Amino acid sequence: MKMHFCIPVSQQRPDALGGRYVLYSVYLDGFLFCKVRYSQLHRWNEQLKRVFGNCLPPFPPKYYLAMTTSMADERRDQLEQYLQNVTVDPNMLRSDVFVDFLKLVQLDTFSITTKKASLDLFLPDGRSIKVEILTSDTAERVLEVVSHNIGLCQELLDCFGLFLIQFCKEGRLSVVKKLADFELPYVSLRSSEVENCKVGLRKWYLDPSLDARLMDCRAAVDLIYMQAIQDIEKEWAKPTEVQRQKLEALQKEDNRTEFLELAREVRHYGYVQLEPCTCDHPEPGCQALFSVGNNEISCCITLPDNQTLDVIFQMDRVKCWQVTFLGTLLGTDGPQQTLNQNLELRFQYCEDSHWRWFVIYTKQAFLLSSCLKKMISEKMAKQAAENPEMQIEVPEQGKSKKYHIQQNQQKDYSSFLPRKSKIKIAEVDCGFGTIKEEDL
C-alpha cells in the first residue's frame, strides 16, 4: 500500500549563485517529514534505478528554463505522486538506498546530528523503559532493540508498532500516529509539535483473533495483557458488569491467558479509539466518538437533543474513503509542522442498497485511514490463507488531486506556495472478494 505522503507547501529560496531553488515540504501522515530539493530527489531516483531498474514509477523531468506557476504546480503534483507510488514495493521500502536517503533528509531538515541518545519508550501499563539508541535509528531498528530488551520473539515484531502518544490531562491519552518503519522516532518526537507527546509501544493489528499468534510468547502476552487492562481502564473497551467482575477476578489471580480469552468477547476489545470529533450524520455538526477494529467502524453520535445513536459501519460495505485537508499551512516563519486542523475523512458506504458519503471531521483522520488500511490488509491476508488459489489484489492508497495555488511574497524574497489539498487515500471495492484502487 502507498504511504500517506503529500506536498502541500513549497518555498522558493535564493541560492549561492543568485538564483533560486524550490524547497518542498513533504508531509507523512499529516506531520512534516522533511524538506527536500528536486535535485536531491532526482539523485535518489537515479540511485534507486541502479538497484531496481526500470520498475520505478515515473520521475518528473528536469526543466532547463524558468518554471511558470503551472509548471511548478505540475512538478509538485508529480513529486507527490512519485513519493506515494515508490512506497508500494515492499522490497524497495526495506532497501538500504531507500531508507538511508530518508534518514538523511529527516536529520538534515531538523538539524539533528547522528549521536548516541536515550529514548524513553512507554508501555501500555504506563511504565517506561529507557533504550539506548542512535538519533538516526529507524522505528524498525528501535523496535528490534526494545524486543531484545523485553524478550519479545523476533517473528512477532510485525504485531507491534511504535506510536506517538499524547498524554493529556486527567490521565487521558490519545494515539497521535503510527510511526512508519523508516521514520526516526528520536526526530519525530522532537519535531511533532504535540504537547506532552511520548513514543509508546502498542500492538498493531485490529483483528482480535490474531491474538492467537502471540500466546506462545510470554513477553507478547504480557504486552497485550497490559494493553487490554489499559483499554478497559480508559473505557476504550467496554465490558458488561458481569464481564468486568470476571475480568477483575482473573486479574487478581494473574491468569493472563484466561483474562485475554474473556477480553476478546468484550465490546471494542483491541479497537483504536479516536478523540471526540464531529460528523455529518444524521445531520451536520453532530458530536461523535469513533472506535475502529474487528472489521468495523463503530460510532456513538450525540444528537442535537442530547440523545445518543450507536451506528456500526461494516468494512465489507465500505467502497472507498479519502482524507481531505482544506486550508493553508503558513505560520509566521513558514510552513507549519502538522496538518492536524481542517482535516476530514469521508467514506462511501452501502446503506439500504444505496451508496452515500459519511463525513468525519477529526484531527486524527490520517490515523483513522491507517486503521482502515490495516483492517483491509488483515482481511486480505485471512482470505488468502483460507483460499490459497484465490488471486487477491491488495489495495493501494489513491493518488492526490490538487486545487489552486496562491503565492505570497515575503520580505526575504522567499515565496510560499500553499494550496488547498485534497488527498484521496484509497478506493476500495469489496463486493466480489477483491479490493482495488481507482484514481480520482
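Attention shifts here to the overall build of the protein chain. Counting its secondary structure elements, the protein chain contains ten helices and 22 strands. In the protein chain, 60% of the contacts between residues at least 6 apart in sequence involve partners at least 24 apart. Accessible surface for the protein chain amounts to roughly 21000 Å². Of this, 47% is attributable to carbon and sulfur atoms.

Judged by pairing direction, the sheet is mixed, and its five strands sit side by side in the order β5-β4-β8-β6-β7 without closing on themselves. What marks the edges here is a single partner per strand, and that holds for β5 (128–134) and β7 (173–178). Within the sheet, the average angular offset between the axes of one strand and its neighbour, ignoring direction, is 45°. With seven bridges connecting them, strand β4 (residues 116–122) and β5 associate as antiparallel partners.

The loop that links β4 with its antiparallel partner β5 comprises five residues; one of these, Gly126, has a positive phi angle of about 95°. Both β4 and strand β8 (residues 197–203) contribute to a ladder of two bridges, which runs parallel. Pairing of Phe122 across the sheet is with Gly200, part of β8.

For the bond from His281 to Pro282, the omega torsion is 0°, close enough to zero to count as cis. Tracing the backbone through its elements, the reader meets Pro282 in the loop between β10 (277–279) and β11 (286–293). Backbone geometry at Glu193 places phi at a positive 60°, although glycine is not the residue there. Checked against the element boundaries, Glu193 lands in the loop between α6 (185–191) and β8. Although it is not a glycine, Asn294 sits at a positive phi angle of roughly 50°.

Moving on: the side chain of Lys177. Tracing the backbone through its elements, the reader meets Lys177 in strand β7. Of note is the side chain of Lys177, whose polar atom sits 3.0 Å from the side chain of Glu183.

With that settled, the discussion passes to the packing of helix α1 (residues 38–52) against helix α4 (residues 96–109). Following both chains from N to C, one finds α1 and α4 inclined at 165°, their axes separated by 10 Å at the closest point. Put simply, α1 runs roughly antiparallel to α4. Seen from above, α1 lies across α4 with right-handed handedness. Mapping the contact onto sequence places Gln40, Leu41, Trp44, Gln47, Leu48, Val51 and Phe52 in α1 and Val97, Phe98, Phe101, Leu102 and Val105 in α4.

So, on to the nonpolar core. In terms of nonpolar packing, the biggest core is built from 99 residues, with Phe259, Phe290 and Phe347 touching the most fellow members. Membership of the second largest hydrophobic core comes to 30 residues, among which are Phe59, Leu79, Phe98 and Val105.

Parameters and conventions
Residues numbered from 1 in each chain as written. Predicted model: local features only at pLDDT ≥ 70, side-chain atom pairs only at ≥ 80, totals over all residues. Heavy atoms only, no water. Helix = DSSP H or I, 4+ residues; strand = E, 2+ residues; numbered from the N terminus. Contact = heavy atoms within 4.5 Å. Areas by Shrake-Rupley, 256 points an atom, 1.4 Å probe, with all protein chains shown as cover. Pairing = 2+ DSSP bridges. Axes fitted to C-alpha atoms, helices over the stretch in contact; angles between N-to-C directions. Polar contact = N/O pair within 3.5 Å; in protein donor to acceptor, adjacent residues only side chain to side chain. Parallel < 35°, antiparallel > 145°, perpendicular 65-115°, else oblique. Left-handed = near helix turned anticlockwise from the far one by under 90°. Core = buried A, V, L, I, M, F, W, Y, C linked by side-chain atoms within 4.5 Å. Buried < 20%, exposed > 50% of the residue type's maximum accessible area, 1.4 Å probe, protein only.

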